[in-house]
Amino acid sequence: MIQKIILYQAVRYEHKTRTKPIYATDKTWLGEGYYFWEHEIANAHHWGKVHYSNRYCIYQSSYQNTEEGLDLVDNHEHLDMLEKYIRQIKERIQKSVDLAQIITLICKHVPKSVHYIRIDTGSFFPNERFLLPVPNKQFSPQLYAKRLVQVCFPSFPCPEIGLTDYQLYEETTPVIG
């Protein structure tokens, strides 16, 4: 099922409005690209507060979650492929390889173009969770109130998945001084 997913990107406050998202090249864990948070604007606020000292703006975009991406959240075939590559690399070269390098290998072997890489890393807000009551069980599964799903796009715009818009959503008041 194709669905439109809202995205948020926190960027350092500037005195002008951006027309294009930030392209990350340094310290990228999914590879170079345009990074966004899915659904949860709270994740973008957290990123702006921590990484931009509370001097940030949030931009909004959207895309369609199609089968033209590497989905490490909801696609179990892609998750299995990731696990397989990690095991093979450890066995063959017995050397540590980072996630961005592994994703690059996977993208080369996926028959379609990879227009996005999607991953869930838990939550910035681990205490904001709730337990699900399950009868006759000693444990209760837990759900996070705010998932930490990050999406990396190799290119922008990308009309194939509906990633075309980028607009200012919210601006923090910069601290002068």
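Scroll up to find the structure this text is about.
In this text, all values refer to a predicted model and were calculated from it rather than measured experimentally.

This part is about the pairing of strand E4 (residues 56–64). Among the nine residues in E4, eight count as buried, and that is most of the element. Pairing of strand E1 (residues 4–12) with E4 involves nine bridges; the strand directions are antiparallel. Pairing of Ile 6 across the sheet is with Ser 62, part of E4. In terms of strand pairing, E4 meets strand E10 (residues 167–171) through four bridges, oriented antiparallel. Of the residues in E10, the one forming a bridge with Ile 58 is Glu 170.

With that settled, consider helix H3 (residues 99–109). Those residues of H3 that fall on the buried side of the exposure criterion are Ala 100, Ile 102, Ile 103 and Ile 106. Buried residues of H3, seen end-on, are gathered within an arc of 155° and therefore sit on one face of the element. Opposite its buried face, H3 presents the exposed residues Lys 108 and His 109, each directed more than 90 degrees away. Tucked into the core, H3 has its buried residues touching strand E5 (70–72), helix H2 (76–93) and strand E6 (117–120). N-cap assignment for H3: the residue whose side-chain oxygen lies 3.2 Å from the backbone N of Ala 100 is Asp 98.

Moving on: the packing of aromatic side chains. What characterises a pair of aromatic rings is the spacing of the ring centres plus the angle enclosed by the ring planes. Under the definition given, this model contains ten aromatic pairs. For the pair Phe 36 and Tyr 166, a centre-to-centre distance of 6.2 Å together with 80° between the ring planes defines the contact as edge-to-face. Highlighted residues: Phe 36 in strand E3 (residues 33–38) and Tyr 166 in the loop between strand E9 (149–153) and E10, separated in sequence by 130 residues. Just as Phe 36 is buried, Tyr 166 falls in that class too. With a centroid separation of 4.8 Å and 5° between ring planes, the pair formed by Tyr 59 and Tyr 166 is classed as stacked. Linking Tyr 59 in strand E4 with Tyr 166 in the loop between E9 and E10, this pair joins segments that are 107 residues apart in sequence.

Turning our eyes to something else, we now look at the side chain of Ser 62. The residue Ser 62 is located in strand E4 in this model. Setting aside its immediate chain neighbours within four residues, Ser 62 contacts Lys 4, Ile 5, Ile 6, Leu 7, Gly 162, Leu 163, Thr 164 and Asp 165.

Thresholds applied
- Residues numbered from 1 in each chain as written.
- Predicted model: local features only at pLDDT ≥ 70, side-chain atom pairs only at ≥ 80, totals over all residues.
- Heavy atoms only, no water.
- Buried < 20%, exposed > 50% of the residue type's maximum accessible area, 1.4 Å probe, protein only.
- Helix = DSSP H or I, 4+ residues; strand = E, 2+ residues; numbered from the N terminus.
- Pairing = 2+ DSSP bridges.
- Arc of directions from axis to C-beta.
- Contact = heavy atoms within 4.5 Å.
- Polar contact = N/O pair within 3.5 Å; in protein donor to acceptor, adjacent residues only side chain to side chain.
- Phe/Tyr/Trp six-rings, centres within 6.5 Å; stacked < 30°, edge-to-face > 60°.

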